[in-house]
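# Remarks on the overall topology
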Amino acid sequence: MNIKELSIGDWVRYIRKRKKNDDYFQVAHIFRGEKEWLVGRKNDDIFGSHSLRLKDIEPIPLTPEILEKNGWNKIVRNIKYQTWVKGGIYIRKYSAEEWYHLFIGRFEMKFNLYHTHQLQHALRLAGVEKEIVL
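Just so you know, these numbers come straight off a predicted model, no measurement behind them.

## Examining the pairing of strand 9 (residues 100-104)
Counting buried positions along strand 9 gives four out of five residues, so the element sits mostly inside the fold. Here strand 8 (residues 89-94) pairs with strand 9 via five bridges, running antiparallel. Bridge pairing in strand 9 places Ile89 opposite Ile104. Pairing of strand 9 with strand 10 (residues 107-113) involves four bridges; the strand directions are antiparallel. Opposite Leu102, over in strand 10, you have Met109 as the bridge partner.

So, in structure tokens, the structure goes:
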């Protein structure tokens, strides 16, 4: 994962962790260690042993299950795509594409959403403060 893609509050996955319950976490802080970038988990001590190397985390793929768990309602209009809606914001996934599209009202935002943290960034840029739940 690239440091420029990461923000405080983003959901990411620790790829070396074996316990399934602890795989996902929210970023609490990002800082430069002696040799590499380090990322801290939410609620961990900023200088504790739970800071992880950037190379040990990866983005979480955006899925219909994540959308629906966060209150997006699925609308099926066409066999070519699926659409989820929540409060005037639409997310559409075309069958032929690997990414999701974001619409605010009738206007398509020019974001290709592959990962959960990209949806978080797009919503923040659109002025929607929405906490994502995993």
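Let's pick the thread back up.
## Overview of the pattern of salt bridges
Considering all chains together, one arrives at three salt bridges under this definition. Asp10 is paired through a salt bridge with Arg124; the nearest N and O atoms lie 3.5 Å apart. Taken together, the residues Asp10 in the segment before strand 1 (11-14) and Arg124 in helix 2 (residues 116-125) connect sequence positions 114 residues apart.

## Looking at the nonpolar core
Nonpolar side chains tend toward joint burial in soluble globular proteins. One finds Leu62, Leu67, Trp72, Ile91, Tyr100, Leu113 and Leu119 to be the most contacted residues of the largest nonpolar core, which totals 16 residues. Contributing elements (two or more residues each) for this core: helix 1 (64-69), strand 8, strand 9 and helix 2. In terms of residues, this core owes the most to one element, helix 2, which gives three residues. Residues within four places of Leu113 in sequence aside, it is in contact with Leu62, Trp99, Tyr100, Leu102, Gln118, Leu119 and Ala122. In this structure, Phe25, Val39, Leu54 and Ile57 belong to the second largest nonpolar core, which totals nine residues.

Calculation rules
- Residues numbered from 1 in each chain as written.
- Predicted model: local features only at pLDDT ≥ 70, side-chain atom pairs only at ≥ 80, totals over all residues.
- Heavy atoms only, no water.
- Buried < 20%, exposed > 50% of the residue type's maximum accessible area, 1.4 Å probe, protein only.
- Helix = DSSP H or I, 4+ residues; strand = E, 2+ residues; numbered from the N terminus.
- Pairing = 2+ DSSP bridges.
- Salt bridge = Lys/Arg side-chain N within 4 Å of Asp/Glu carboxyl O.
- Core = buried A, V, L, I, M, F, W, Y, C linked by side-chain atoms within 4.5 Å.
- Contact = heavy atoms within 4.5 Å.

Geometry only, nothing functional implied.
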